[in-house]
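Fold and contact review
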Amino acid sequence: MNYRHAFHAGNFADLVKHATLTLLLDALTADAAPLTVVDTHAGAGGYDLDGELARRTGEAAQGVFRLMAADDAPAPFDRLKAAVRRGNPGGGVRFYPGSPSLIAAGLRKGDRYVACELRDDDVALLRQTLAPFPGARAEQTDGFAMAGREAGKGGRVFILIDPPFERSDDYARIAATLAAVMLLDPDACVAVWLPLKDLETFDSFLRSIEPACADLLVVEARLKPLTDPMKMNGCAMVIANAPPGLEPDLSAAAGWVVARLGETGGKAEVWRTGA
Ligand SMILES: C[S@@+](CC[C@H](N)C(=O)[O-])C[C@H]1O[C@@H](n2cnc3c(N)ncnc32)[C@H](O)[C@@H]1O
């Protein structure tokens with residue numbers, strides 16, 4: 001496992017993923033039902049954008065730095081922006097929250113959060129990030145397997161699947177995990193982050209998961225036309241059992257990312273399978 005999210009923290013793909021995540025968390029905690037969240041690939045929890053790894057790629061320059069400087073970012077980014085401000089009480093944008101910080105901050109009494117990470121270094125950081133949150137725990141374990149263990153225990157379940165896609169079987173493992181979760185809990189909300197390289201790969205992934213879940217909400221942020229399959233030309237979130245009514249906010253968030261950070265020929269789209 002070579003992937004470290006610190007190289008990519010706060011880039012355009014994180015903005016799409018984390019805006020979507022905060023919108024889903026708000027909707028899933030809108031009533032009093034307790035929520036269990038499983039973050040199958042949690043990473044370190046939060047990132048120092050001034051650190052060596054982040055500075056080596058500079059990806060945040062075309063991501064969170066632009067977001068925080070913009071005066072036209074739409075309201076669906078408000079939660080993410082507030083989290084960035086909380087993490088940087090002295091001002092500026094040095095620290096960027098990963099999915100664990102965003103999820104843990106939204107936990108209510110009675111909610112549970114299981115964050116899975118395999119790497120020794122990142123799980124140590126993850127444990128520090130989650131230490132202040134009694135409802136949250138970090139596990140050094142395979143997140144795909146954990147999703148299957150937590151689904152079906154009862155109560156409302158939300159699973160975030162955000163693999164590094166450095167293994168050729170990541171797509172197949174996502175599909176198998178989604179199918180297993182849907183059998184155990186057909187109402188579970190499952191959000192998957194995906195790179196958009198070429199349409200064939202994305203379409204065949206969607207076809208592979210449709211039998212397990214007929215209700216899929218897809219958020220696509222293509223920063224440029226998908227003409228070079230060797231590049232990450234954009235990203236997508238695919239959400240099973242998304243709470244209703246999120247489409248306008250998701251469109252606004254993805255639309256802003258494409259319009260402000262994309263190139264000519266980029267496109268943002270939010271659609272449901274079968275619609
Ligand atoms: C894209 S990063 C996660 C970023 C994080 N979700 C966020 O938004 O802040 C993927 C992480 O998954 C970890 N990882 C890879 N395979 C895993 C597995 N099978 N189970 C748990 N973690 C895994 C990697 O070490 C890496 O830190």
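Look up a bit, the structure's there.
First, a word on what this report is: a plain description of the structure on this page. (Residues numbered from 1 in each chain as written. Predicted model: local features only at pLDDT ≥ 70, side-chain atom pairs only at ≥ 80, totals over all residues.)

Quick look at the site of the ligand
Around the ligand, 21 residues are found, and the nearest of them are His41, Gly43, Gly98, Ser99 and Gly143. Classifying every residue of the shell around the ligand by side-chain character gives 8 nonpolar, 7 polar and 6 charged. (Near = placed C-beta within 6 Å. Nonpolar A, V, L, I, M, F, W, Y, C, P; charged D, E, K, R; others polar.)

Section: the nonpolar core
Core analysis: the largest hydrophobic core is formed by 86 residues, its most contacted members being Val16, Ile159, Val190 and Ala254. Considering every element that reaches this core, the biggest residue donor is helix H1 (residues 12–28), with 9 residues. In this structure, Ile159 is in contact with Val38, Thr40, Ala147, Val181, Ala188 and Val190, ignoring residues within four places of it in sequence. (Core = buried A, V, L, I, M, F, W, Y, C linked by C-beta atoms within 7 Å. Buried ≥ 20, exposed ≤ 12 C-beta atoms within 10 Å, placed from the backbone. Helix = DSSP H or I, 4+ residues; strand = E, 2+ residues; numbered from the N terminus. Contact = placed C-beta atoms within 7 Å.)

Focus on the environment of Val270
Along the polypeptide, Val270 turns up in strand S10 (residues 267–272). Among the residues examined, Val270 registers 20 C-beta atoms within 10 Å and is labelled buried. C-alpha of Val270 to C-alpha of Leu246: the two residues are 24 residues apart in sequence and 9.8 Å apart in space. Ignoring any residue separated from it by four or fewer positions in sequence, one finds Val270 in contact with Val218, Val219, Glu247, Leu250, Ser251 and Ala254.

Structural notes on the packing of H1 against helix H10 (residues 247–261)
Helix-helix packing: each pair is described by the crossing angle between the helix axes and the interaxial distance. Orientation of H1 relative to H10, taken along the N-to-C sense of each, is 165 degrees, at an axis distance of 10 Å. On the basis of their axis angle, the class for H1 and H10 is roughly antiparallel. Considering only the axes of H1 and H10, their crossing is right-handed. Of the residues in H10, those in contact with Phe12, Leu15, Val16, Ala19, Thr20 and Leu23 of H1 are Asp249, Leu250, Ala253, Ala254, Val257 and Leu261. Looking at the contact of H1 with H10 residue by residue, the class counts come to 10 nonpolar, 1 polar and 1 charged. (Axes fitted to C-alpha atoms, helices over the stretch in contact; angles between N-to-C directions. Parallel < 35°, antiparallel > 145°, perpendicular 65-115°, else oblique. Left-handed = near helix turned anticlockwise from the far one by under 90°.)

A short note on unusual backbone geometry
Located in the positive-phi region is Phe165, a residue other than glycine, with phi close to 55 degrees. Its 15 C-beta neighbours within 10 Å are what place Phe165 among the partly exposed residues. Residues other than glycine seldom take positive phi values, yet Asn241 does so here, at roughly 55 degrees. Its place among the elements puts Asn241 in the loop between strand S9 (234–240) and H10. Judged by the 20 C-beta atoms lying within 10 Å of it, Asn241 is buried.

Here we look at the sheet that holds strand S1 (residues 35–39)
By definition, the strands of a sheet pair up through backbone hydrogen bonds, in either a parallel or an antiparallel sense. Read from one edge to the other, the open sheet built from 8 strands follows the order S5-S4-S1-S6-S7-S9-S8-S10, with strand pairing classed as mixed. At either margin of the open sheet sits one strand with a lone partner, and together these are strand S5 (136–139) and S10. With direction set aside, neighbouring strand axes in the sheet form an average angle of 10 degrees. Pairing between strand S4 (residues 112–116) and S5: 4 bridges, direction parallel. Residue pairing across strands places Cys116 opposite Glu139, the latter belonging to S5. (Pairing = 2+ DSSP bridges.)

Let's talk about the environment of Pro248
With respect to the helices and strands, Pro248 occurs in helix H10. Judged by local crowding, Pro248 falls into the exposed class, with 11 C-beta atoms found within 10 Å. C-alpha of Pro248 to C-alpha of Pro76: the two residues are 172 residues apart in sequence and 9.3 Å apart in space.

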